[in-house]
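# Commentary on secondary and tertiary structure
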Amino acid sequence: MTPTYVFVHGSNSNSFTWGPLQRELALLGHRTLAVDLPGHGFDAGFHAAYQAPQDIEALATAPSKLAGATYAETVEHVVDVVRKVAEHGPVILVGHSRGGATLTGVGNVIPELIDRIVYISAWCCVDLTLGEYMQGPENASSALNDVGAVVVADPAALGALRMNWRTADPTLLAALKTAMLEDGTEQEFFAYLNTLEPDESLDAGTERADAATWGRIPRTYIRLTEDLSMPIALQDRFIKEADALTPDNPTDVRSLESSHVGFLMHPREAATILSGLA
């Protein structure tokens, strides 16, 4: 039977960002579905203060729809989607960046409904939690460490993370481009920023891969070799630890020469890899 690729987005993102990759897969004859996690997509919280001219003070205090949102809710949402999709055939579950944490949670719950799980430069927590990996030596060189100024509200007070992707600060914009899309043009970078949402939940979860459930699922890890947000050393650590957890089910490792989001805008090579997994 023909599989369905189910895509899970990363932080401050939505289903829309998968559009170009879905198009390439459709041209190769594949069926796809991109998920909006709770509080994302057309359900995202935007405020007039985020528009131009911006009111940064108001933006910093405006309530967030993601205040108090939990990791468990994102897992539950994707589990429900996968259950419905699996009624029509095999499921290949694909996640990028923070979306990988959700993939692991889903794999821990319903391994019997997932025919392959695919991490694209995504968090694949095995020995440590996501927060612990962030403090580890492999993440020390992450270019995201230089973009803290994009946060415009006190997360503890707001109950969520709020970023101002519409900043006009040239120094911050340059740092963001380095972190996300160093291999892209300025126009591509601005186009990508305009797909992002200001709010993200604080709870990224503490779940780790369970060898008895998640470990039964065939998995692929697509390394992004030019990724400055998720350093290649961290990606390789995820692969090494996953293989140590399930030595009888080793990771199928692929590599793309891409920044953290470059493959989303130029997806043909990624589509070719994914197509080959069907």
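All values reported here derive from a predicted model rather than from experimental measurement.

## Regarding the pattern of salt bridges
Tallying each qualifying case throughout the model produces ten salt bridges. A salt bridge links R237 to E138; the nearest nitrogen and oxygen atoms lie 3.0 Å apart. With R237 in helix α9 (residues 232-245) and E138 in the loop between α5 (130-134) and α6 (155-158), this pair connects stretches of sequence that are 99 residues apart. With relative accessibility at 21%, the residue R237 sits in the partly exposed group. Across the pair R219 and D243 runs a salt bridge, and its minimum N-O distance is 3.3 Å. A residue pair is termed long-range when its members are at least 10 positions apart, and R219 in strand β7 (residues 219-224) and D243 in helix α9 qualify at 24 residues. Under the relative-accessibility criterion, D243 is labelled partly exposed at 23%. Among the charged side chains, a salt-bridge network with shared partners connects E138, R237 and E241.

## A few points about the sheet that holds strand β8 (residues 252-256)
Pairing is parallel in the open sheet, where six strands are placed in the order β2-β1-β3-β4-β7-β8. Edge strands, defined here as strands with exactly one partner in the open sheet, are β2 (31-35) and β8. Within this sheet the neighbouring strands show an average axis-to-axis angle of 20°, counted without direction. Relative to strand β3 (residues 91-97), strand β1 (residues 4-8) runs parallel, the two being bridged by five bridges. Its bridge partner being in β3, Y5 is matched across the sheet by I92. Relative to β3, helix α4 (residues 99-109) is tilted by about 145°, and along the sheet it contacts β1, β3 and β4 (116-122). α9 contacts β4, β7 and β8 of the sheet and is inclined by roughly 165° relative to β7.

Cut-offs and rules
- Residues numbered from 1 in each chain as written.
- Predicted model: local features only at pLDDT ≥ 70, side-chain atom pairs only at ≥ 80, totals over all residues.
- Heavy atoms only, no water.
- Salt bridge = Lys/Arg side-chain N within 4 Å of Asp/Glu carboxyl O.
- Helix = DSSP H or I, 4+ residues; strand = E, 2+ residues; numbered from the N terminus.
- Buried < 20%, exposed > 50% of the residue type's maximum accessible area, 1.4 Å probe, protein only.
- Pairing = 2+ DSSP bridges.
- Axes fitted to C-alpha atoms, helices over the stretch in contact; angles between N-to-C directions.
- Contact = heavy atoms within 4.5 Å.

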